[in-house]
Amino acid sequence: DPSIITGVFTLAGGNSVGGIATLTSITNFGTIDSTGGFFDDFSADGPYNVVVENTGQIITSRIGQFLSPTSSQVDVSITNSGTMIGGQMGLNGSGESFLQNSGQFEMSFMNIGATGGATIFNSGTFVVSENGDRRTIDGSATSSEIEVANTGTIIANITLGSGEDI
């Protein structure tokens, strides 16, 4: 099936021009299946914005990095109307983070550390658990505003930071 990609996206070197964040965009309409993580930016040599749009399936290891939580991220935008299943999701960086889910979203851990704040809109199924145990959407590392709006189902513990939260 030509719509299946097996592997991990790695961002390493050459991603920043003149200190201005460049855009890394991944759009998936098919199936991405990885025995490890999904997007690894631990080798990034400068700031970047990341956009992930998924209407298909992205399935990774429950112990790997789905979106690595590094300080190289500036703005992070994730839109999911399909299925996203994985390990650790990091919504971090020096800008704003946005996650909109109307599909199935399952991670084993979620860290929110964006210094510009974070917004999560959920109208689907949003689960953060490991081996059946409810885990935390951890926003305690940020003093910025975190907004969580839910018209679907969220199964997780939510810890917000010291900023103004909605």
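See the structure above.
Residue indices follow the written sequence of each chain, beginning from 1 at its first position. Where totals are concerned, whole chains, interfaces and linings use all residues; where local detail is concerned, this predicted model gives features only for residues with pLDDT of at least 70, and gives and counts side-chain atom pairs only at 80 or more. Side-chain metrics rest on all non-hydrogen atoms present in the structure, leaving aside hydrogens and water.

Q: Hey, could you go over the nonpolar core for me, with residue numbers and the actual values?
A: Of all hydrophobic cores here, the largest spans 26 residues; its most connected members are Ile78, Met89 and Met110. Strands are runs of DSSP state E lasting at least two residues, helices are runs of H or I lasting at least four, and both sets are numbered from the N terminus onward. When contributions to this core are tallied by element, the ones reaching two or more residues are strand 7 (48-54), strand 9 (65-67), strand 10 (73-80), strand 11 (83-91), strand 13 (104-112), strand 14 (118-122) and strand 15 (125-130). Examining the composition of this core, we find that four residues originate from one element, strand 13, more than from any other. Any pair of residues with heavy atoms lying within 4.5 Å of one another is described as a contacting pair. Not counting chain neighbours up to four residues away, the residues in contact with Met110 comprise Met89, Leu91, Leu99, Phe105, Ile120, Phe126, Val128, Thr136, Ile137 and Asp138. Only buried residues count toward a nonpolar core. Its members are Ala, Val, Leu, Ile, Met, Phe, Trp, Tyr and Cys residues joined through side-chain atoms within 4.5 Å. The classification of residues rests on relative accessible area computed with a 1.4 Å probe and restricted to protein chains. Under 20% of the type maximum is buried, over 50% is exposed, and intermediate values are partly exposed.

Q: Give a detailed account of the pairing of strand 7, specifying residues and quantitative values.
A: The buried fraction of strand 7 is high, at five of seven residues. Relative to strand 10, strand 7 runs parallel, the two sharing six bridges. Across the sheet, Val52 pairs through a bridge with Ile78, a residue of strand 10. Being paired, for any two strands, means DSSP has found at least two bridges between them.

Q: Let's hear about the environment of Glu130: which residues, and what values?
A: By the secondary structure assignment, Glu130 is in strand 15. Taking C-alpha positions, Glu130 is 7.7 Å from Phe109, a pair spaced 21 residues apart along the chain. Those residues in contact with Glu130, other than ones at most four positions away along the chain, are Ser108 and Arg135.

Q: Go over the side chain of Asn80, please, and point to the residues and values.
A: Structurally, Asn80 can be placed in strand 10. Taking the relative accessible area as the measure of exposure, Asn80 reaches 1% and is therefore buried. As used in this structure description, the phrase polar contact means that two N or O atoms lie within 3.5 Å; if the pair is within protein, one of them must be able to donate a hydrogen and the other to accept it, and residues adjacent in sequence are counted only when both atoms belong to side chains. There is a polar contact of 3.2 Å between the side chain of Asn80 and the backbone oxygen of Gln104. Aside from chain neighbours lying at most four places away, what touches Asn80 is Asn54, Gln100, Asn101, Ser102, Gly103, Gln104 and Phe105.

Q: Run through the packing of aromatic side chains, naming residues and quoting values.
A: Aromatic pairs are defined between Phe, Tyr and Trp rings, using the six-membered ring for Trp, whenever the two ring centres lie within 6.5 Å; interplanar angles under 30 degrees are classed as stacked, those over 60 as edge-to-face, and all others as tilted. According to the stated counting rule, one finds two aromatic pairs in the structure shown. Between the aromatic rings of Phe98 and Phe121, the centroid separation amounts to 5.8 Å while the plane-to-plane angle is 70 degrees, which identifies the pairing as edge-to-face. Of this pair, Phe98 sits in strand 12 (residues 97-101) while Phe121 sits in strand 14, placing them 23 residues apart in sequence. Taking the relative accessible area as the measure of exposure, Phe98 reaches 25% and is therefore partly exposed. A relative accessible area of 31% places Phe121 in the partly exposed class.

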